[in-house]
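Coordinate analysis (summary)
Chain by chain, the residues:
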Amino acid sequence: MLTLYYAKGSSALAPHILLEEVGAEYAVHEVPIAKGANTEPAYLEINPKARVPALMTPNGVITENPAILTYIAATHQQAHVLPDTPFERAEADALCAYLCATAHVAFAHMQRGARWADSAEAHEAMKAKVASNLRDCADVVEHHHLKGPWAMGDRYTFCDAYLFLMPRWMEKAGVDVSDYPKLAAHHDAMLHRPATLAVMAVHGI
Ligand SMILES: N[C@@H](CCC(=O)N[C@@H](CS)C(=O)NCC(=O)O)C(=O)O
């Protein structure tokens, strides 16, 4: 049995959608970040980094979206959400790495500036750069990572669940996703999948 530790509307949406998409048997455990539940000792036992998502598996806990997503994909082969060739697998991994290490971090500068600097002035300066940084990220994804209609082309793979987050980050930063037609079409296609809609309902979004 798998248990996903998540916060509503957080990046845990990605593995949550994928669990639903592959028909996994799983439970969820809500960790309300707004109430500081991610920093409570009980949760730090699960993820000492105090972040969501985390996935409890029969072998132990996995953290970090790219790792969680590939674990779900690899343990549900019947769902066929892993790319077929090593090269395509590397391309999918590259997109997930970019979303995790660059785009998500760019977005985090909007509300989490205290991770990088102490002064209120510095936080404001960071916030002011979020939209342009996310535009740069969207350009990279649109032109170099997203084949269309799905990230890897004609078939939905594990990285599509993660890519779903990007337009959400953009919208919160005031970046118009319609300036990126492939990304906008991808988001729309995701919104037509029952798995996405079921998970959005749980997250109340
Ligand atoms: N690199 C991590 C990032 C996880 C992350 O930053 N999650 C946010 C929610 S989207 C979080 O838990 N924030 C809590 C905090 O910063 O206190 C991953 O991709 O799993």
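Quantities reported herein were computed from a predicted structural model and do not represent experimental measurements.

1. Here's the deal with the sheet that holds strand S3 (residues 54–57)
- Read across the open sheet, the four strands follow the order S2-S1-S3-S4; overall the sheet is mixed. Each edge of the open sheet is held by one strand with a lone partner, namely strand S2 (26–30) and strand S4 (60–63). Taken over all neighbouring pairs, the strand axes of this sheet differ in orientation by 25° on average, direction set aside.
- Sheet topology note: the strand S1 (residues 2–6)/S3 ladder contains three bridges and is antiparallel. Looking across to S3, one finds that Tyr5 is bridged to Ala54.
- Of the strands in this sheet, S1, S2 and S3 touch helix H1 (residues 13–21), which is tilted by about 150° from S1.
- Packing against the sheet, helix H3 (residues 65–74) makes contact with S1, S3 and S4, and its axis sits at approximately 120° to S4.

2. Focus: unusual backbone geometry
- Here the amide bond leading from Val52 into Pro53 is cis, since omega sits at 5°, within 30 degrees of zero.
- You can see Pro53 is positioned in the loop between helix H2 (41–46) and S3.
- The omega torsion of the bond from Gly148 to Pro149 falls at -5°, within 30 degrees of zero and hence cis.
- Residues other than glycine seldom take positive phi values, yet Ala50 does so here, at roughly 60°.
- As for its placement among the helices and strands, Ala50 is situated in the loop between H2 and S3.
- Take Ala50: its relative accessible area is 16%, and that puts it in the buried class.

About the cut-offs
- Residues numbered from 1 in each chain as written.
- Predicted model: local features only at pLDDT ≥ 70, side-chain atom pairs only at ≥ 80, totals over all residues.
- Heavy atoms only, no water.
- Pairing = 2+ DSSP bridges.
- Helix = DSSP H or I, 4+ residues; strand = E, 2+ residues; numbered from the N terminus.
- Axes fitted to C-alpha atoms, helices over the stretch in contact; angles between N-to-C directions.
- Contact = heavy atoms within 4.5 Å.
- Buried < 20%, exposed > 50% of the residue type's maximum accessible area, 1.4 Å probe, protein only.

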